[in-house]
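In case you want the letters, here they are:
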Amino acid sequence: MSLETLSTNKSFGGTQGAYRHDSRETGTPMTFSVYLPPQAAAGAKLPVVWYLSGLTCTHANVTEKGEYRRTCAELGLIFVAPDTSPRGEGVPDDPAGAYDFGLGAGFYVDATEPPFATHYRMYSYITRELPELIASHFPADMSRQAITGHSMGGHGALTIALKHPETYRSVSAFAPIVAPSQVPWGEKALSGYLGADRATWRAHDATSLVEDGKRADEILIDQGESDGFLAEQLQTHLFAAACEKVGIPLTLRMQPGYDHSYYFISTFLEDHLRWHAARLS
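Figured I'd write up the structure that's included with this text. (Residues numbered from 1 in each chain as written. Predicted model: local features only at pLDDT ≥ 70, side-chain atom pairs only at ≥ 80, totals over all residues. Heavy atoms only, no water.)

Describing helix H4 (residues 152-163)
The end-to-end C-alpha distance of H4, which contains twelve residues, comes to 17 Å, matching closely the 16 Å that a straight helix rising 1.5 Å per residue would cover. Across the twelve residues of H4, twelve count as buried, placing the element largely inside the fold. (Helix = DSSP H or I, 4+ residues; strand = E, 2+ residues; numbered from the N terminus. Expected span 1.5 Å × (residues − 1). Buried < 20%, exposed > 50% of the residue type's maximum accessible area, 1.4 Å probe, protein only.)

Notes on the side chain of Gln255
Along the polypeptide, Gln255 turns up in strand S9 (residues 250-255). For Gln255, a relative accessible area of 13% puts it in the buried group. Leave out the neighbours within four places in its chain, and Gln255 touches Asp222, Gln223, Gly224, Glu225, Phe264 and Phe268. (Contact = heavy atoms within 4.5 Å.)

So, the packing of aromatic side chains
The full count for this structure, using the stated rule, is 15 aromatic pairs. Relative to Phe138, the ring of Tyr19 lies with its centre 5.2 Å away and its plane at 75 degrees, an arrangement referred to as edge-to-face. Taken together, the residues span a long stretch of sequence, with Tyr19 in strand S2 (residues 14-22) and Phe138 in the loop between helix H3 (122-137) and strand S6 (140-149) at a distance of 119 residues. Ring centres 6.2 Å apart and planes at 80 degrees place the aromatic pair Phe174 and Phe264 in the edge-to-face group. Within this pair, whereas Phe174 is found in strand S7 (residues 168-174), its partner Phe264 is found in helix H9 (residues 262-280), the two being separated by 90 residues in sequence. Under the relative-accessibility criterion, Phe174 is labelled buried at 0%. One aromatic cluster is present, built from ring pairs that chain together Tyr35, Tyr51, Tyr68 and Phe79. For Arg69, the ring lying beneath its charged end belongs to Tyr68, and the centroid distance is 4.7 Å. (Phe/Tyr/Trp six-rings, centres within 6.5 Å; stacked < 30°, edge-to-face > 60°. Lys NZ or Arg CZ within 6 Å of the ring centre and 35° of its normal.)

Thoughts on the environment of Ala161
Note that Ala161 resides in helix H4. A sequence separation of ten residues divides Ala161 from Val171, and the C-alpha atoms of the two residues are 6.4 Å apart. With sequence-adjacent residues up to four places away left out, Ala161 is seen in contact with Ile147, Tyr168 and Val171.

This is the structure:
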């Protein structure tokens, strides 16, 4: 699989890069970023932390605002940030141009509904194609992977980890959409990508997955108490209740005064990286 290097910059002794490739899953060019810590120069195979972004974002949001490189350099973590949807000529978007569906809003599912089914295959892209690319081009120890994400990306991280416990040693999230089947963002996206049969949505709903028997060893979630999306779109309490009922250890930290922005994410991202590193060691 060929890979085009768009940019590289030295940071905290390591290298922050942005890359592009032609995706077999989406049928489009896809861009992502990778931070290689300084330990990579010695040829060591290093653990990988995947970061899935939220609505409207690209790989660039966390790359520019996440403030993760100092910690990854210290801990020897490769940090991978994919895009949130396919893009390019011929890729369908929300007919009304809304921000919460279509471009920048792939919801980490494989769409089955036209016209989205051809290109919107973000689940397979994140779980199969991009890991293969990372393994072939970077010094990644694919036996040591962790996954995290924000909002829509938190939804992606939780659902993917719950369905692939053999792949991800740890999972965390920032202000995740934990019950998309029960909130407006999720109902719009899941119906648009997967169709009207709500039973098919359960495979992409973290709360439903826990109710249906999927498990994780432990989960870390940070949620801002001043997040304007908390009550209507995030519904964190539904996931907490599902985990408590079946005994999944969930550390849910409600953070007073914090909102949904990267000011919130960057404040606690170091905590999450250290939490993951302890489980990847």
